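Here is how the chains run, residue by residue.
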Amino acid sequence: MNALVELHGVSKRYNSATALQPTDLFFERGKTTVLIGPSGCGKSTMLRLIIHLLEPDSGEIKINGSPLSAANVDEIRHRVGYVIQDGGLFPHLTARGNVLLMARHLKKSARLEKLCALTRFPIEALERYPAELSGGQRQRVSLMRALALSPELLLLDEPLGALDPLVRAALQKDLKEIFQKLKQTAILVTHDLAEAAFLGDVIVLMNEGGIVQKGTLAELREHPANSFVSEFINAQRSLALT
Amino acid sequence: MKMLGALLLCATTALQAAEPIAIGSKKFTESYVLAEIAKHSLGAAGFQTEHRQGMGGTIILWEALRTDQISVYPEYTGTIAEEILKNATVTPEAMRDELAKNGVGISPELGFNNTYALVMRREAAQRLSVHTISDLRAHAELKYGLTHEFLDRHDGWQPLVRRYSLPTGNVQGIDHGLGYEALRGGSIDVKDAYSTDAKIAVSDLVALEDDLHFFPQYKAVYLYRLSLPADARAALQQISGTLDEARMIQLNAEAEQTRNYARAADLYFGNESQTAEPFTRKLLRWTARHLELAGISLLLAVLVGVPLGIVASKPGPISQIILGLTSAIQTIPSLALLALLVPVPFFGISVRTAIAALFLYGLLPIVRNTATGLQNITPSIRESATALGLTSGARLRQIYLPIASRTILAGIKTSAVINIGTATLAALIGAGGLGEPIISGLNLNDHATILQGAIPAAILALLVQWSFDLLDLLLIPRGLR
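The shown structure was predicted, so the numbers you read here are calculated from the model rather than taken from an experiment.

Chemist: Let's hear about the overall build of chain B: which residues, and what values?
Modeler: Of the regular secondary structure elements, chain B holds 21 helices and 10 strands. The 481 residues of chain B split such that 44% are buried. Considering only contacts within chain B whose residues lie at least 6 apart along the sequence, 76% involve residues at least 24 apart.

Spelled out as structure tokens, the structure:
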């Protein structure tokens, strides 16, 4: 078993509402795993648990074999990149400042040029502030910041959710290329089956805080675990099959 | 609280480093003039001096002297006996001994006796041949207009009537200032006055002689700390015996006409305008002190307010307590806050008290804006900063505070402008600043003098506002503008 991230009986409740039922799940090294499901199914909660923005009520999370705890969380966070829907860029820093915030010790210019090329971000825009960038450019900067320390794990929480369709399609293509080039272990949260099918090696379909089925799109489509799987796939069929 | 005290101490010991001899005065013209004469005389003897104008009444001045917050102030023997020693029949020797127990010395009498007197128009007094109070007995037709205080005092009207057997048919109570108008207009013929009142000379009045020695003696003296250097004490004693009633009336009149106490003091020394401080220098001195008061208090408010605001930005009972307390301080009227601080031993009548009060007023905008600025940071920014693996200190320094800087600076700006305005009240406790001309202008009911302080204070507030706008350009990151 070549798992980078392991969840053992991990659960989370918000007050009385169950966000994640006790869950066992493994994320394979070098693969892109997509967490998909309707709003409130627990996919973002799982991502936040993995980077310890949330503390699990029960169970254990291991990254590269070592259990995640308050003691090693900062060290682990340095090895994990995290991209969220609105980018989470710091408005008082330029694109360059955002990217290099945690990477001051790196050979800056060489590393930056590489990252710009990788994410197709124009080098001349590095001195701009987030407010001066387009939505797509902001997500590219956010991606550069996440990749700056060559993380062993990349977490993306609906990173393309707020972009218009053309920009979104271009970024999907670029993301796929980046993942392949870097052999990046990535976990991507989306509610868009087409995006999941395009980017994901493994798809994890979730509903009401639990995992319904894990597999490739073909497996989900041909051997649905239950009627919810078929319904979910059929609802987005026109997109998923084109 | 300990830290706060230490900070205040640092700020104020810096001020004390070259502390001049502090001369106090009460809130009336003659006291101002006598203080200026002492200042002039000490200055001529080579001492640095500072005149804390119009600090209040007898008790405030005495407490300030007793606790070594001022070193000299002019006082009257009657007042020392009645109000300070509470012993109307004390002998001069006993008075000297009692004062010495408090570390206070008394100069020989300056020469004049500022007691109550009955005054009449010179022309009427001459026409009726009234020169002494006893002469009034023969003129039951005269109309008396007396201040309400004089009518009630135990050394006032009733005992005076008994002593002199005066006719009492024609007496009415009237305000002091209005009484002079009434006397000049002829609707009254006799009124009570202070024997060195400038109005006596200006309105061509005469004071009737107290031939039965009814009124207590209010001989002017200087009270001073016995710890003053011998040269300084000698300089004060040189003034003794040089001021008779006529001279004092003349100096008081000069002060009230020119609205310039220093000039009246110069007149005493016989060089009319040579050493009078030119207006521009006075303005500079007031402004410098004003900026010092507002600046030090603002600095302290920033040093304390920003950390408090950071703590208050996290929801919970501590935040409620901090915001509640700083708001409560703001609701205390500034005069009341000064009055509350003055009896506290460390503060008293001093620059310290003014700075402490201004510091307390400056807190709320800074604390509140710091807390609000930090609370307004979006969850996605907070999550991103946390997920990057920044420590909580680094998140605050590198991310949250810079993002909140605009709001925090706005709070500091508000505090600065409020402080410039409120610092005018510092003059009430002798701390100087642009409030000095405002307070003396109010005492003299002289608008021009009030404006000498009010206009520069308003301009200063604008300048501070503008310089903070410039500071915004330097301190607020470009991405946030």
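Chemist: So what's going on with the overall build of chain A? Which residues, and what values?
Modeler: On a plain count of helices and strands, chain A comes out with 10 helices and 10 strands. Put simply, chain A has 242 residues, and 42% of those count as buried. Within chain A, contacts between residues separated by at least 24 positions form 67% of all contacts whose residues are at least 6 apart in sequence.

Chemist: So what's going on with the sheet that holds strand β1 (residues 3–14) of chain A? Residues and values would help.
Modeler: Residue and element names in this part refer to chain A. Ordered by their spatial adjacency, 4 strands build an open sheet running β2-β1-β4-β5, and the pairing between neighbours is antiparallel. Where the open sheet ends on each side, the last strands, each with one partner, are β2 (17–28) and β5 (66–67). As paired strands, β1 and strand β4 (residues 58–63) are joined by 5 bridges and run antiparallel to one another. Within β4, the position partnered with Leu7 by the bridge is Ile61. Each of β1, β2 and β4 touches helix α1 (residues 43–50); the most contacted strand, β1, lies at about 115° to it.

Chemist: So what about the pairing of strand β10 (residues 220–225) of chain B? Which residues, and what values?
Modeler: Residue and element names in this part refer to chain B. Most of β10 is tucked away: 5 of the 6 residues are buried. As judged from the 5 bridges shared by strand β3 (residues 72–76) and β10, these two strands associate in the antiparallel manner. The residue of β10 that forms the bridge with Glu75 is Val221. Where strand β4 (residues 104–106) and β10 come together, 3 bridges link them in antiparallel fashion. Within β10, the residue paired with Gly105 across the bridge is Tyr224.

Chemist: Tell me what's going on with the packing of helix α16 (residues 334–341) of chain B against helix α17 (residues 351–375) of chain B, and back it up with residues and numbers.
Modeler: Describing two packed helices takes the angle between their axes plus the distance from one axis to the other. Residue and element names in this part refer to chain B. Between α16 and α17, whose axes approach to 10 Å, the crossing angle comes to 130°. With respect to their mutual orientation, α16 and α17 come out oblique. Crossing handedness for the pair α16 and α17: right-handed. Contacts from Ser334, Leu337, Leu338 and Leu341 of α16 reach α17 at Thr353, Ala356, Ala357, Leu360 and Tyr361. Across the contact of α16 with α17, the residue classes tally to 7 nonpolar, 2 polar and no charged.

Chemist: I'd love a proper account of the interface of chain A and chain B, names of residues and values included.
Modeler: Opposite the 18 residues of chain A that make contact, chain B presents 16 residues. Mapped by element, the contributors of at least two residues to the side of chain A that touches chain B are α2 (73–77) and β6 (80–84) of chain A. When grouped by side-chain class, the residues that make up the side of chain A that touches chain B number 12 nonpolar, 3 polar and 3 charged.

Chemist: Describe the packing of helix α15 (residues 317–331) of chain B against α17 of chain B, with residues and values.
Modeler: Residue and element names in this part refer to chain B. Where α15 meets α17, the closest approach of the two axes is 8 Å, and the angle between their N-to-C directions is 145°. The interaxial crossing formed by α15 with α17 has left-handed handedness. On α17, the residues that touch Ile322, Leu323, Thr326, Ser327, Ile329 and Gln330 of α15 are Leu360, Tyr361, Leu363, Leu364, Val367, Arg368 and Ala371. Class assignment for the residues of the contact of α15 with α17 results in 9 nonpolar, 3 polar and 1 charged.

Chemist: Please give an account of the nonpolar core that cites residues and values.
Modeler: Ranked by internal contacts, the top residues of the largest apolar core, which has 193 residues, are Leu155 of chain A together with Leu293 of chain B. Sorting elements by how many residues they give to this core places α17 of chain B first, with 15 residues. Beyond its immediate chain neighbours, meaning those up to four positions away, Leu155 of chain A contacts Leu47, Ile50, Ile51, Val80, Gly81, Tyr82 and Ile187 of chain A.

Chemist: Account for the sheet that holds strand β6 (residues 144–146) of chain B, with residues named and values stated.
Modeler: All names here are of chain B. If you walk across this open sheet you meet the 5 strands as β7-β6-β8-β5-β9, and the pairing is mixed. Lying at the two open borders of the sheet, with one neighbouring strand each, are β7 (171–173) and β9 (205–207). Shown here is a sheet whose adjacent strand axes are inclined to one another by a mean of 35°, direction ignored. Summarising the sheet, strand β5 (residues 116–121) and strand β8 (residues 190–194) pair through 4 bridges and their orientation is antiparallel. By the bridge assignment, Ala117 is partnered in β8 with Ala193.

Chemist: Lay out the confidence of the model for chain B with the relevant residues and their values.
Modeler: Residues and elements named next belong to chain B. Here chain B shows a mean pLDDT of 86. Residues at 70 or above account for 94%. Here residues 1–18 is a poorly scored stretch, pLDDT under 50, and it has 15 contacts once near neighbours within four places are set aside; other chains count. The ipTM value of the predicted complex is 0.88, and its pTM value is 0.65.

The rules we used
Residues numbered from 1 in each chain as written. Chains lettered and ligands numbered in written order. Predicted model: local features only at pLDDT ≥ 70, side-chain atom pairs only at ≥ 80, totals over all residues. Helix = DSSP H or I, 4+ residues; strand = E, 2+ residues; numbered from the N terminus. Buried ≥ 20, exposed ≤ 12 C-beta atoms within 10 Å, placed from the backbone. Contact = placed C-beta atoms within 7 Å. Pairing = 2+ DSSP bridges. Axes fitted to C-alpha atoms, helices over the stretch in contact; angles between N-to-C directions. Parallel < 35°, antiparallel > 145°, perpendicular 65-115°, else oblique. Left-handed = near helix turned anticlockwise from the far one by under 90°. Nonpolar A, V, L, I, M, F, W, Y, C, P; charged D, E, K, R; others polar. Core = buried A, V, L, I, M, F, W, Y, C linked by C-beta atoms within 7 Å. pLDDT = per-residue confidence, 0-100.

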